[in-house]
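Residue-level structure breakdown
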Amino acid sequence: MKNKKSMELFRSAPVSQAVLKNTLPAMAAMLMVLVYNLADTFFIGQTHDALQVAAVSLATPVFLVFMAVGTMFGVGGTSVISRAIGEGRIEYAKKVCSFCMWGSVIVGVIMSACMLIFIEPILSLVGASADTWNLTKTYLMIVVCCGPFVLISNCYSNVVRTEGESAKAMMGTLIGNLLNVVLDPILILGFGWNIAGAAIATVVGNVVGAGYYIAYFVRGKSSLSVSIKDFTVKNKVASAVLAIGVPAALGAVLMSVSQIIINSQMAEYGDMAIAAMGVAMKVVVITGMVCMGLGQGTQPILGYCVGAKLWERFRKVLRFSLVFAFLLSVVLTGICYLFTNQIVSAFLTNATAFGYAVQFSRILLTTSFLFGVFYVLTNALQAMGAATAALVINVSRQGIVFIPALFILKMAMGMTGLVWAQPVADVVSLMVAYALYVKISKKMAIL
């Protein structure tokens, strides 16, 4: 295959070199996603209008649904393709890659159309108030138009890493998000387009990022394919991708659902509480996004080892990744905790919203040091093809545990109870992930 040297990295390079070479670009890519997520809120915050900050917070869960479905194709495709490459089934890997491409296009168009048609009920669902209704609607009406491009960009930022091309995978995310960050101050503040400017910058960034990945395959730099002639749903192509991808996407969708529920529950305490919760989530997501990138970077290596039945190397890669992930998440959590006030002040100037955001951030940071271990274990299970286990973990973290905890803790503690639900879910989901990994590993004779 064209990327034979990259495959040698997976098969025989020193473990630390293999892991770092594949995870560092993935982490950098997720860091750029983080910067892009922060940029909209930051530059909207410079308008000193907390209602616009609240509107972005309300719209974010809806936009995350697009990213979640892109993750479905990306994570599912990565798992299947990496194992297929390890087994030497390159033609099958091409078909899977093409399915991910055209699946993203079809589903993206349908999702965009549905969201535009049902925009009014969606606004009610996310908890938009009379003051934030038009602002949230303006943002969503613009960003949902780039649905297919969001799916493609999120899908192939994962899939390209299956060939060991982690740097190229990073570049698509980097280019798109960097363009978004550059356009934000120009459109929001320079042109005075406010929240509409943030939405337009998001659209342009996603279109350009998707274009980069499409060009990568069209130019023939890859052994994989996005050609329509390789598209098929037969031979377990679709089912294999969806078996792993749906649980991963479900976790992200449930994250959006839970965020919508939090916003609707927070609405009882006013728009400033909603704005504060949105910013607090951005503080803790600094650790979460970087650790998520680390986990995604390890998955192709682990998947290759599973396909090639290199069990000793699998264990060494996982062990190194877990230690690295834990140390990284501890350091990032410490930094975020020490500089919480400074981070929050970049987004909010309203005294009430600022006070809430600092308080909420400190609560959410109590368990963020566990993120690295959680994401590595989750991606290890996905690499092993453990669809049911991945489903259980994702449903637990953002659904079975988290949503009931929201209502129980709200009744017990009021507003702060809504915030404490996430740390509770983090601890329980990590315990579930570890138990399932041990069970599946024994079944596959990895341990």
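Residue positions within a chain follow its written sequence, with the count starting from 1. Only residues with pLDDT of 70 or above have their local features reported here, since the model is predicted, and side-chain atom pairs are shown and tallied only from 80 upward, although totals for entire chains, interfaces and linings are computed over all residues. Side-chain metrics rest on all non-hydrogen atoms present in the structure, leaving aside hydrogens and water.

1. Some remarks on the packing of aromatic side chains
- Centre distance within 6.5 Å is the pairing criterion for rings of Phe, Tyr and Trp, where only the six-membered ring of Trp is used; planes under 30 degrees apart are then read as stacked, over 60 as edge-to-face, and the remainder as tilted. Applying the stated criterion to the full structure yields 11 aromatic pairs.
- Look at Tyr-212 and Tyr-213: their rings are 5.5 Å apart centre to centre, the planes differ by 80 degrees, and that puts the pair in the edge-to-face class.
- In this structure Tyr-213 comes out as buried when scored by relative accessible area, which is 1%.
- The structure contains a cluster of three or more aromatic residues connected by ring pairs, namely Phe-73, Phe-99 and Phe-231.
- For a Lys NZ or an Arg CZ to count as sitting over a ring, it must be within 6 Å of the ring centre and within 35 degrees of the ring normal. Between the NZ or CZ atom of Arg-89 and the centre of the ring of Tyr-92, over which it lies, the distance is 4.3 Å. Relative accessibility decides the category of a residue: with a 1.4 Å probe and only protein chains considered, values under 20% of the type maximum give buried, values over 50% give exposed, and everything between is partly exposed.

2. Some words on the side chain of Ser-79
- Positionally, Ser-79 belongs in helix α3 (residues 50–87).
- Among the residues examined, Ser-79 registers a relative accessible area of 0% and is labelled buried.
- Here a polar contact is taken to be a pair of N or O atoms separated by no more than 3.5 Å, where protein atoms must pair a possible hydrogen donor with a possible acceptor and residues adjacent in sequence count only if both atoms sit in side chains. A distance of 2.8 Å separates the side chain of Ser-79 from the side chain of Arg-83, its partner in a polar contact.
- Note on definitions: a residue-residue contact is assigned when non-hydrogen atoms from the two residues lie within 4.5 Å. Once residues within four sequence positions are removed from consideration, Ser-79 is found in contact with Ile-244, Gln-299, Gln-382, Ala-383 and Gly-385. A run of H or I in DSSP counts as a helix once it spans at least four residues, and a run of E counts as a strand once it spans at least two, with each numbered from the N terminus.

3. Re α3
- Between the first and last C-alpha of α3 there are 54 Å, a value that for 38 residues agrees with the 56 Å anticipated at 1.5 Å per step.
- Along its length, α3 shows its largest kink, about 35 degrees, at Thr-60, and proline Pro-61 lies within four residues downstream of that point.
- Burial analysis of α3 places 35 of its 38 residues in the buried class, the great majority of the element.
- Gly-88 sits one or two positions beyond α3 and adopts a positive phi of about 80 degrees. Helices are assigned an expected span. That span is 1.5 Å times one less than the residue count. The angle separating two fitted axes, one through the seven residues that finish at a residue and one through the seven that start at it, defines the bend at that residue.

4. Overview of helix α15 (residues 371–383)
- For α15, built from 13 residues, the straight-helix expectation of 18 Å at 1.5 Å per residue is met to within 8% by its first-to-last C-alpha distance of 18 Å.
- Taking burial as the measure, the 13 residues of α15 include 13 buried ones, the bulk of the element.
- Just past α15, the residue Gly-385 takes up positive phi, approximately 80 degrees.

5. Digging into the environment of Ser-153
- By the secondary structure assignment, Ser-153 is in helix α7 (residues 147–159).
- Separated by 198 residues in sequence, Ser-153 and Ala-351 place their C-alpha atoms 38 Å apart.
- Not counting residues up to four positions away in its chain, the partners in contact with Ser-153 are Asn-206, Gly-209, Ala-210 and Tyr-213.

6. Overview of the nonpolar core
- In terms of nonpolar packing, the biggest core is built from 152 residues, with Tyr-156, Met-266 and Leu-348 touching the most fellow members.
- Ignoring sequence-local partners within four residues, the contact set of Met-266 consists of Ala-273, Ile-274, Met-277, Phe-360, Met-415, Leu-418 and Val-419. As used in this record, nonpolar core signifies buried Ala, Val, Leu, Ile, Met, Phe, Trp, Tyr and Cys residues forming a set joined through side-chain atoms within 4.5 Å.

7. Things to note about the confidence of the model for the protein
- As a per-residue measure, pLDDT tells how confident the predictor is, with possible values from 0 to 100. Across the protein, pLDDT averages 87, with 98% of residues at or above 70.
- Of all helices and strands in the protein, the one with the weakest mean pLDDT is helix α1 (residues 4–11) (69), whereas helix α4 (residues 90–117) scores best (94).

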